[in-house]
Amino acid sequence: MTADAEAAAIAQLSAPQGREALALACEQSDPGSLAAAQAMRARFPAKLAATALTQAELRRRSVLKFGPAAAQMFFTRAGLEQATRPLVAAHHAARFAAAGIRRVVDLGCGIGSDALAFLAADLSVVAVEIDPATAEVARLNLGDRAPVLQGDAELLVDELLGDGDGAFCDPARRTNAGRVWRVEDFRPSWQLVTRLLAGDRVVGVKLGPALPATLVPATAEAEWVSVGGDTVEVVLWAGPGSRPAVRVASVLPDARLVVETTAPQPELGTAPVGRYLYEPDGAVIRAGGVSAVGQSLDGWLLDPKIAYLSSDRSVRTPFATIFEVLDVLPYQEKAIRQGLRTRRIGSVEIKKRGIDVDPARFRARLQLRGPNSCTLILSRTAHGAIALIARRLPPSE
């Protein structure tokens with residue numbers, strides 16, 4: 001099916017027969033099954049039945065990201081993968097609002113998840129999407145609250161951006177063929193991204209968290225965002241309210257660590273593991289904030305190039321997960337197996353850094369038995385590889 005044909009099929013879902021088909025599709029216990037397809041085709045044209053079933057399937061998949069709101073939203077497969085989750089989108093919107101922006105041009109709006117957050121923050125929005133099917137999905141999600149223009153942001157950006165407007169850009173990094181890794185393959189293009197980030201207006205550009213720091217323009221502030229332990233994005237911010245040459249780790253909902261790249265970072269020594277081990281949040285690691293977090297813990301590194309911290313103090317911090325070290329073993333399967341059996345460990349969470357091992361296969365070789373559980377941490381250290389039997393401490397303990 002061509003993109004235009006897919007867009008036309010999705011648009012039918014807003015018509016009375018389309019709404020009826022979608023309601024029936026959402027009632028199916030397994031929208032992807034042959035039985036569901038047969039039940040739908042008995043009442044609706046084949047193309048409409050297939051489109052409705054696809055939406056029903058995507059709505060179920062999207063619940064983890066969008067919660068109950070997913071039941072009223074529309075998606076494409078690629079659009080769902082790249083869509084910003086509501087908590088993060090609200091974070092973007094708050095940044096524009098704090099900078100005094102009243103109108104945002106959303107370039108590469110996808111299914112409209114960020115545009116929805118901008119509207120919820122009382123910002124005016126104009127959305128642009130090059131893919132016809134995704135643009136149609138965005139229209140259904142935004143309704144009459146904001147216009148969605150189907151077209152090339154490269155050609156429309158100068159026409160749409162007025163004085164005082166903010167711009168948000170989320171270049172497509174995933175297609176139906178898979179993930180796009182090179183910035184040269186982004187749409188809108190990397191050339192447009194760097195032009196927007198010149199610093200003369202408030203601009204946010206959402207990118208994958210693995211973006212190399214060397215690609216961050218000198219005019220931009222880079223903010224890595226983490227939710228629930230997952231680093232989900234890096235946003236490059238430019239214009240009023242941003243701080244060039246600053247790296248930020250934002251652990252939502254409200255923790256923020258600022259790293260000044262032009263200032264010397266605290267120097268941490270290395271030492272054997274202490275009573276507690278800390279695993280810095282991924283956003284902290286990417287923003288270069290491991291040393292700052294370690295200093296706040298009176299901590300040290302196990303190895304100069306491994307992002308594990310240790311301390312004899314138990315300090316609750318949103319920037320790292322804390323583990324109580326129960327036993328320190330050499331990285332030898334026999335010793336590890338015996339240590340786990342002594343503690344009657346039958347279930348382990350395995351974490352590793354600097355160790356070339358497949359956790360699933362390693363777990364199977366341990367032949368675990370017993371009612372207890374633990375975290376097994378395998379790490380290279382300055383004094384050789386070790387295995388830690390540890391207990392993950394909850395934030396409130």
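These numbers were taken from a predicted model, which means no experiment stands behind them.

(A) Highlighting the environment of Ala-56. Examined against the element boundaries, Ala-56 turns out to sit in helix H4 (residues 46-61). Note on Ala-56: relative accessible area 1%, which makes it buried. When the C-alpha atoms of Ala-56 and Asp-4 are compared, they prove to be 21 Å apart, with 52 residues separating the residues in sequence. Non-local contacts of Ala-56, meaning those with residues more than four positions away in its chain, are made with Leu-22, Ala-25, Cys-26 and Pro-31.

(B) Molecular detail of the packing of aromatic side chains. The tally for this structure, following the rule as stated, stands at 7 aromatic pairs. Judged by centre distance (5.5 Å) and plane angle (85 degrees), the ring pair of Phe-96 and Phe-118 falls under edge-to-face. Placement of Phe-96 in helix H7 (residues 86-98) and of Phe-118 in helix H8 (residues 113-120) is noted, with a sequence separation of 22 residues between them. Relative accessible area serves as the criterion here: at 0%, Phe-96 is assigned to the buried category. Members of the aromatic cluster, connected to one another through ring pairs, are Phe-96, Phe-118, Phe-168 and Trp-237. The cationic tip of Arg-353 hangs over the ring face of Tyr-308; the distance from NZ or CZ to the ring centre is 4.7 Å.

(C) Layout of the pattern of salt bridges. The final tally for this structure, using the stated rule, is 19 salt bridges. Notably, a salt bridge pairs Arg-103 with Asp-165, separated by 2.4 Å at the nearest N-O pair. You can see Arg-103 sitting in strand E1 (residues 103-107) and its partner Asp-165 sitting in the loop between helix H10 (153-160) and strand E4 (166-169), a full 62 residues away along the chain. Accessibility expressed as a relative area gives 26% for Arg-103, which makes it partly exposed. Linked by salt bridges that have partners in common, Arg-95, Glu-221, Glu-223 and Arg-256 make up one network.

(D) Broad picture of the sheet that holds strand E15 (residues 320-330). Within the open sheet, the 7 strands sit side by side as E13-E14-E12-E15-E18-E17-E16. Their pairing is mixed. Single-partner strands in this sheet number two, and they are strand E13 (300-301) and strand E16 (345-353). Running over the sheet, helix H14 (residues 333-342) touches E15, E16, strand E17 (372-379) and strand E18 (386-392) and is turned about 110 degrees from E15. Across the sheet, helix H15 (residues 359-366) is in contact with E16 and E17; its angle to E16 comes to roughly 145 degrees.

(E) Representation of the side chain of Thr-84 in the model. Here Thr-84 shows up in the loop between helix H6 (77-82) and H7. What makes Thr-84 buried here is its relative accessible area of 2%. Contact partners of Thr-84, with chain neighbours within four places excluded, come to Phe-66, Ala-89, His-92, Ser-113, Asp-114, Asp-170, Lys-206 and Glu-233.

(F) Structural detail: the pairing of E15. Note that strand E12 (residues 276-280) and E15 share 5 bridges and pair antiparallel. The residue bridging Leu-277 from the neighbouring strand is Phe-323, located in E15. The pairing of E15 with E18 spans 7 bridges and is antiparallel. Paired with Leu-329 across the bridge in E18 is Ala-387.

What counts and what doesn't
Residues numbered from 1 in each chain as written. Predicted model: local features only at pLDDT ≥ 70, side-chain atom pairs only at ≥ 80, totals over all residues. Heavy atoms only, no water. Helix = DSSP H or I, 4+ residues; strand = E, 2+ residues; numbered from the N terminus. Buried < 20%, exposed > 50% of the residue type's maximum accessible area, 1.4 Å probe, protein only. Contact = heavy atoms within 4.5 Å. Phe/Tyr/Trp six-rings, centres within 6.5 Å; stacked < 30°, edge-to-face > 60°. Lys NZ or Arg CZ within 6 Å of the ring centre and 35° of its normal. Salt bridge = Lys/Arg side-chain N within 4 Å of Asp/Glu carboxyl O. Pairing = 2+ DSSP bridges. Axes fitted to C-alpha atoms, helices over the stretch in contact; angles between N-to-C directions.

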